[in-house]
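Next come the chains, spelled out residue by residue.
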Amino acid sequence: MAELQCILWDVDGTLADTERDGHRVAFNMAFAEAGHTREWDVPTYGELLAVTGGKERIQFDIDRGGMHEMPFEEIAGLHARKTTHYQSLIAEGRIPLRPGVRRLLEEAYAAGITLGVSTTTTPSALDALIEHSLGKEWFDRFAVLAAGDIVPAKKPAPDIYTYAMDQLGVKPENTLALEDSENGWKSAHAAKLKCVVTVNDYTKAHDFDGADLVVSELGEAERDAVELLSNPHNLNLHHVELSHLQAIMKD
Ligand code: XBP
Ligand code: MG
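Cut-offs used in this document
Residues numbered from 1 in each chain as written. Chains lettered and ligands numbered in written order. Predicted model: local features only at pLDDT ≥ 70, side-chain atom pairs only at ≥ 80, totals over all residues. Heavy atoms only, no water. pLDDT = per-residue confidence, 0-100. Helix = DSSP H or I, 4+ residues; strand = E, 2+ residues; numbered from the N terminus. Near = heavy atom within 4 Å. Polar contact = N/O pair within 3.5 Å; in protein donor to acceptor, adjacent residues only side chain to side chain. Areas by Shrake-Rupley, 256 points an atom, 1.4 Å probe, with all protein chains shown as cover. 1 Å grid on protein atoms, 1.4 Å probe; cavity = no way out; pocket = protein on both sides within 12 Å on 5 of 7 lines; lining within 4 Å. Sits in = over half its atoms within 2 Å of the grid points. Nonpolar A, V, L, I, M, F, W, Y, C, P; charged D, E, K, R; others polar.

*Asks:* Could you give me a rundown of the confidence of the model for the protein, with the residues and numbers involved?
*Replies:* In this model, the protein carries a mean pLDDT of 97, and residues with pLDDT of at least 70 account for 100%. Within the protein, the element-level pLDDT minimum falls on helix α6 (residues 123–134), averaging 97, and the maximum on strand β1 (residues 6–9), averaging 99.

If you want it as structure tokens, here you go:
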């Protein structure tokens, strides 16, 4: 039984559905610009999401024969261009936050819960999403932005969660993770965190066995009730509120 002091948020797929219409599109723009014929369609990108990190994802596609061999410097260059395209797509405002994200963030912030981000995405891509989809005030409201290559091993390794907790001086037993994918859940679990999962089209068939709550979205009072995919703490909810996260920690 522990008190909820800190919530660490995943970014892609959790704060916003950035993968299909954001990251994927930006990768394809960078490939076309560099003269590569490779285009990642929606199902192919779903397969590639098995690997976290954009540079690692390109390398994975090379290793499985989807793209021709290239040195790491070329992969890094492609990925840098991809990040620029991604920032432009986000600046166009085309990727909204998922339902309930702003509400729960505001509720937790008002309650004095420490808020942070733990993501495998590139810091400048995260910055673009905060600036254009969340609002600049969140640069100060998040107590830590743990992102990308700041740790050598990306999710499903626990490192990015451990790094964020070290920075904040919080303990795993007082921290809860919000995730959307199996790699994210595994990372949070390996860091000994309780974890609430909001699935999306790319992750709804993933294995979240052991997660503390799996729902279709965080939801809103004025929307239909969220779909409860796994509810081991027997919470009675229409949408996910701070009180539910606190109940999970105390259970
Ligand atoms: C999801 C990822 C990232 C993005 C691409 O991160 O795996 O790699 O798909 O981002 P998370 P980069 O769910 O942890 O937020 O190209 O910037 O790596
Ligand atoms: Mg994610």
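Having seen the model, we can carry on.
*Asks:* With reference to specific residues and values, describe the site of ligand 1.
*Replies:* Near ligand 1 there are 18 residues, and of these G54, R57, K82, T119 and T122 occur at the shortest range. Interatomic distance of 2.7 Å between a backbone N/O atom of G54 and an oxygen atom of ligand 1. Between T119 and ligand 1, the recorded distance is 2.6 Å, taken from a side-chain N or O atom to an oxygen atom. Against a free-state accessible area of 450 Å², the protein chains account for coverage of 97% of ligand 1. With respect to the pocket detection grid, ligand 1 is positioned in the largest pocket. Secondary structure elements with two or more residues in the shell around ligand 1: α1 (19–33), α3 (54–63) and α4 (72–91). Among the elements that make up the shell around ligand 1, the one with the highest residue count is α1 (three residues). Along the lines of polarity and charge, the residues of the shell around ligand 1 split into three nonpolar, nine polar and six charged.

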